[in-house]
Amino acid sequence: DARIQDYGRFVAKYVDTYGIHPTFASVLAYEAVMIVADAVTTTLSSDPLIVKKEILRKSSYTLTNGTFTFDSFGDVIRPIYKLRVTDGKFETIP
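Overview of the structure. Computed from a prediction, not measured in an experiment: that's the story for all the values here.

### Details of a nonpolar patch on the surface
A cluster of nonpolar side chains, Tyr 81, Leu 83, Val 85 and Phe 90, forms an exposed patch at the surface whose accessible area comes to about 510 Å². Take Leu 83: it is sitting in strand E4 (residues 83–86).

### Considering the sheet that holds strand E2 (residues 66–70)
Two modes of strand pairing occur in sheets, parallel and antiparallel, and in both the strands are linked by backbone hydrogen bonds. Strand order in the open sheet formed by three strands is E1-E2-E3, and the pairing between neighbours is antiparallel. This sheet does not close on itself; its edge strands, each paired only once, are strand E1 (60–63) and strand E3 (76–77). Judged from the four bridges that link them, E1 and E2 form a sheet pairing that is antiparallel. When the bridges of E2 are listed, Leu 63 appears paired with Gly 66. Contacts from helix H2 (residues 24–43) reach E1 and E2 within the one sheet, and its direction differs from that of E1 by about 130°. With respect to the sheet, helix H3 (residues 48–58) is in contact with E1 and E2, its orientation differing from that of E1 by roughly 85°.

### So, the nonpolar core
In terms of nonpolar packing, the biggest core is built from eight residues, these being Ile 35, Ala 39, Val 51, Ile 55, Tyr 61, Leu 63, Phe 68 and Phe 70. Those elements giving two or more residues to this core turn out to be H2, H3, E1 and E2. Look past the residues within four positions of Ile 55 in its chain and what remains in contact with it is Ile 35, Val 36, Ala 39, Tyr 61 and Phe 70.

### Some remarks on the pairing of strand E5 (residues 89–92)
Both faces of the sheet carry side chains from a regular strand, because those side chains alternate between them. Sheet topology places E4 next to E5; four bridges connect them, and they run antiparallel. The residue bridging Leu 83 from the neighbouring strand is Thr 92, located in E5. The loop that links E4 with its antiparallel partner E5 comprises two residues; one of these, Asp 87, has a positive phi angle of about 50°.

### Here's the deal with the environment of Arg 9
For Arg 9, the position within the fold is in helix H1 (residues 2–18). Along the primary structure Arg 9 and Thr 23 are separated by 14 residues, whereas in three dimensions their C-alpha atoms are 15 Å apart. Within the structure, the side chain of Arg 9 is placed 2.3 Å from the side chain of Asp 6, a separation counted as a polar contact.

### Remarks on the pairing of E2
Residues Gly 66, Phe 68 and Phe 70 point to one face of E2 and are all buried, whereas Thr 67 and Thr 69, pointing to the other face, are not buried. Where E1 folds back on E2, the antiparallel hairpin that results is connected by two residues. Here E2 runs beside E3; their pairing, made up of two bridges, is antiparallel. Bridge pairing links Phe 70 to Val 76 in E3. Hairpin remark: E2 followed by E3, antiparallel, with five residues in the connecting loop; positive phi at Gly 74, about 90°.

So, how was this worked out
- Residues numbered from 1 in each chain as written.
- Predicted model: local features only at pLDDT ≥ 70, side-chain atom pairs only at ≥ 80, totals over all residues.
- Heavy atoms only, no water.
- Patch = residues over 30% accessible without salt bridge, like charges linked within 9 Å, V, L, I, M, F, W, Y side chains within 5 Å.
- Areas by Shrake-Rupley, 256 points an atom, 1.4 Å probe, with all protein chains shown as cover.
- Salt bridge = Lys/Arg side-chain N within 4 Å of Asp/Glu carboxyl O.
- Helix = DSSP H or I, 4+ residues; strand = E, 2+ residues; numbered from the N terminus.
- Pairing = 2+ DSSP bridges.
- Contact = heavy atoms within 4.5 Å.
- Axes fitted to C-alpha atoms, helices over the stretch in contact; angles between N-to-C directions.
- Core = buried A, V, L, I, M, F, W, Y, C linked by side-chain atoms within 4.5 Å.
- Buried < 20%, exposed > 50% of the residue type's maximum accessible area, 1.4 Å probe, protein only.
- Polar contact = N/O pair within 3.5 Å; in protein donor to acceptor, adjacent residues only side chain to side chain.

Here is the structure:
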């Protein structure tokens, strides 16, 4: 799936550039920049209010970490995955 390929490209480029694997914060920061860049490109504006309005208008995004939306307040709605490590393996917690 394209999302997994995007994530793989992101990780490979990150490791190549910084020599370490990205943290969750690195992935979320990358996604934030991509969202803002998309809004700036679409609106041809760097005015924060115009960019914010475009981000909220589009509302749904599919990036390296999956699909998510913004509510009318700008809060992110995305799936939360709970995991635990058992015998060195990740397990999803229902």
